[in-house]
Amino acid sequence: MFGYIIINQGEMKFKEYDIYRAYYCGLCRKLKEKFGIRGQITLSYDMTFLVMLLTSLYEPETFDGKTNCIPHPFEKHKTKSNIFSEYAADMNILLTYFKCLDDWEDDKKYNRWLFSEFLRPFYLRIRNTYPDKAHRIEKAMADLKVLEKKKVDDIDKAAGLFGEIMAEITDYQADEWQDGLKRLGFHLGKFIYLMDAYEDIDKDLKDNNYNPFWKKYENPDFDEECHTILEMMMAECSKEFEKLPIIENIEILRNILYSGVWYRYEQIRTERFRA
């Protein structure tokens, strides 16, 4: 359930892309500092969006730097990092840990179980730092797993549980923006869950795994119906976003919400029709 909240680079200015890349590299560096190479390889675009969203809203002190990385060992990249880079790094590990356990339970992929064991000490540390948040995320994940095992035919309920998880992650602190951020995260989480289901529908049916779209799949207008549902989720997410008093980096964030997520959708749709 990662990699859907991305930019559409073709519609960005070079300066905007450089800023986005700096936050991405800053998050990568923070993951390495806190969790080593194991943490670094969990890096996701989704959490880069979270860093930029919270940074643009709260405007904390942000530090510029330069760093090398394994993919580009001879070229230094600009980085931007702040308290939200650290927070997003923790949340990234938390989500990756649960995703590994989910993959192990669904497909019995030994490498996913092994990686969850590698991440477990970090997960326990993060749970101690955010005990209430971690408890609510764990409960939502457990409820979602029960629903999936029962193959409950309720798209909104299944997506809503992952929405609750993302609502917890976007809920950084109790203040005047808390409710709006939680609603944004809730609808974003539903979108991520349903986009993942749309991408995996053929594989899930073949492997007899749960997919919330399994009953709709035989409909002749399946793809159009999925697009309509996804549009509804992003419309609600974007509505909450536009209520926030964000000025800095707003064009980058709008690129992600109004274009980037649909760029990824079109890639998935093209692959589905090509298969």
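Quick note: structure is the one above.
Starting afresh in each chain, residues are numbered from 1 along the sequence in its written order. Predicted model: local features are reported for residues with pLDDT of at least 70 only, side-chain atom pairs are reported and counted for 80 or more only, and whole-chain, interface and lining totals are derived from all residues. Computation of side-chain values covers all heavy atoms of the structure but excludes hydrogens and water.

J.: Help me understand the pattern of salt bridges in this model?
T.: Oppositely charged side chains may form a pair once their charged atoms are brought near each other. A side-chain nitrogen of Lys or Arg and a carboxyl oxygen of Asp or Glu constitute a salt bridge if their distance falls within 4 Å. All chains considered together, the criterion is met by 19 salt bridges. Residue Lys190 pairs with Asp156 through a salt bridge whose shortest N-O separation is 2.5 Å. Of this pair, Lys190 sits in helix 7 (residues 178-207) while Asp156 sits in helix 6 (residues 155-170), and the two are 34 residues apart along the sequence. For Glu225, the salt bridge identified is with Lys216, shortest N-O distance 2.6 Å. Under the relative-accessibility criterion, Glu225 is labelled partly exposed at 23%. Residue class for Lys216 comes out partly exposed when judged on its relative accessible area of 23%. Among the charged side chains, a salt-bridge network with shared partners connects Lys34, Glu86 and Asp90. Secondary structure elements follow DSSP: runs of H or I of four or more residues count as helices, runs of E of two or more count as strands, with numbering from the N terminus. Residue burial is assigned from relative accessible area. The probe radius is 1.4 Å, only protein chains are included, and a residue is buried under 20% of its type maximum, exposed over 50%, and partly exposed in between.

J.: Explain helix 1 (residues 14-40) here, please?
T.: Since the α-helix packs 3.6 residues into each turn, any two residues three or four apart lie on the same face. How far a helix is expected to stretch is found by multiplying one less than its residue total by 1.5 Å. Across its 27 residues, helix 1 extends only 26 Å between first and last C-alpha, which sits more than 12% below the 39 Å expected from 1.5 Å per residue. Consider a residue and the seven residues that end there alongside the seven that start there; fitting an axis to each set, the bend is the angle between those axes. Considering bend angle alone, the principal kink of helix 1 is centred on Lys34 and spans about 115°.

J.: Would you explain the environment of Met234 in this entry?
T.: Tracing the backbone through its elements, the reader meets Met234 in helix 8 (residues 222-243). On a C-alpha basis, the gap between Met234 and Tyr258 in space is 8.1 Å, while along the polypeptide they are 24 residues apart. In this analysis, two residues are considered to be in contact whenever any of their non-hydrogen atoms come within 4.5 Å of each other. Dropping the residues within four chain positions of it, Met234 is found in contact with Leu188, Phe191, Leu257, Val261 and Trp262.

J.: Explain the packing of helix 3 (residues 83-107) against helix 5 (residues 131-150) to me, please; I cannot follow it from the model alone.
T.: Angle between the axes and distance between the axes: these two values describe a pair of packed helices. The axes used here are C-alpha line fits, helices contributing only the stretch in contact, and every angle between their N-to-C directions lies in the interval 0 to 180 degrees. Orientation of helix 3 relative to helix 5, taken along the N-to-C sense of each, is 25°, at an axis distance of 12 Å. As far as their axial angle goes, helix 5 and helix 3 are roughly parallel. Handedness of the helix 3/helix 5 crossing: right-handed. Residues Tyr87, Met91, Leu94, Phe98, Asp102, Glu105 and Asp106 of helix 3 form the contact with helix 5, whose participating residues are Lys133, Ile137, Glu138, Met141, Lys145, Glu148 and Lys149. Here the nonpolar group is Ala, Val, Leu, Ile, Met, Phe, Trp, Tyr, Cys and Pro; Asp, Glu, Lys and Arg are the charged ones; every other residue, Gly included, is treated as polar. Counted by class, the contact of helix 3 with helix 5 contains 6 nonpolar, no polar and 8 charged residues. Should an angle lie under 35 degrees it is considered roughly parallel, over 145 roughly antiparallel, and from 65 to 115 roughly perpendicular; all remaining angles are considered oblique. For a crossing to be left-handed, the near helix must be turned anticlockwise from the far one by less than a right angle; the clockwise case is right-handed.

J.: Mind showing me how you'd approach helix 3 here?
T.: The end-to-end C-alpha distance of helix 3 is 36 Å, a good match for the 36 Å that 25 residues give at a rise of 1.5 Å each. Within helix 3, 18 of the 25 residues are buried, leaving the element largely enclosed by the surrounding structure. Within 3.5 Å is the distance limit for a polar contact, defined as a pair of N or O atoms, with the added protein rule that one can donate a hydrogen and the other accept it, and that residues adjacent in sequence qualify only through two side-chain atoms. Regarding helix 3, its N-cap is Asn82, as a side-chain oxygen of that residue lies 2.8 Å from the backbone nitrogen of Phe84 further along. Looking at the residues trailing helix 3, positive phi occurs at Lys108, about 55°.

J.: When you look at the packing of aromatic side chains in this model, what are you seeing that I'm missing?
T.: What describes a pair of aromatic rings is the distance from one ring centre to the other and the angle between the planes of the rings. Geometry of aromatic contacts follows a simple scheme: Phe, Tyr and Trp rings, the Trp one being its six-membered ring, pair when their centres are within 6.5 Å, and the pair is stacked under 30 degrees between planes, edge-to-face over 60, tilted otherwise. In the structure shown here, the tally under the stated rule is 17 aromatic pairs. Between Tyr24 and Tyr45 the ring centres are 4.9 Å apart and the planes differ by 15°, which places this aromatic pair in the stacked class. Highlighted residues: Tyr24 in helix 1 and Tyr45 in helix 2 (residues 45-58), separated in sequence by 21 residues. The rings of Phe191, Tyr198, Phe213, Tyr217, Phe222, Trp262 and Tyr265 are connected pair by pair, giving a single aromatic cluster.

J.: Please clarify how the side chain of Asn255 should be interpreted in this entry.
T.: Following the sequence through the fold, Asn255 ends up in helix 9 (residues 250-274). The exposure class of Asn255 is buried, given its relative accessible area of 7%. In terms of polar contacts, Asn255 uses its side chain to reach the backbone amide nitrogen of Asn8, at 2.8 Å. If we ignore the near neighbours within four places in the chain, the residues touching Asn255 are Ile7, Asn8, Glu11, Met12 and Gly260.

Shape is all these values report; function is a separate question.
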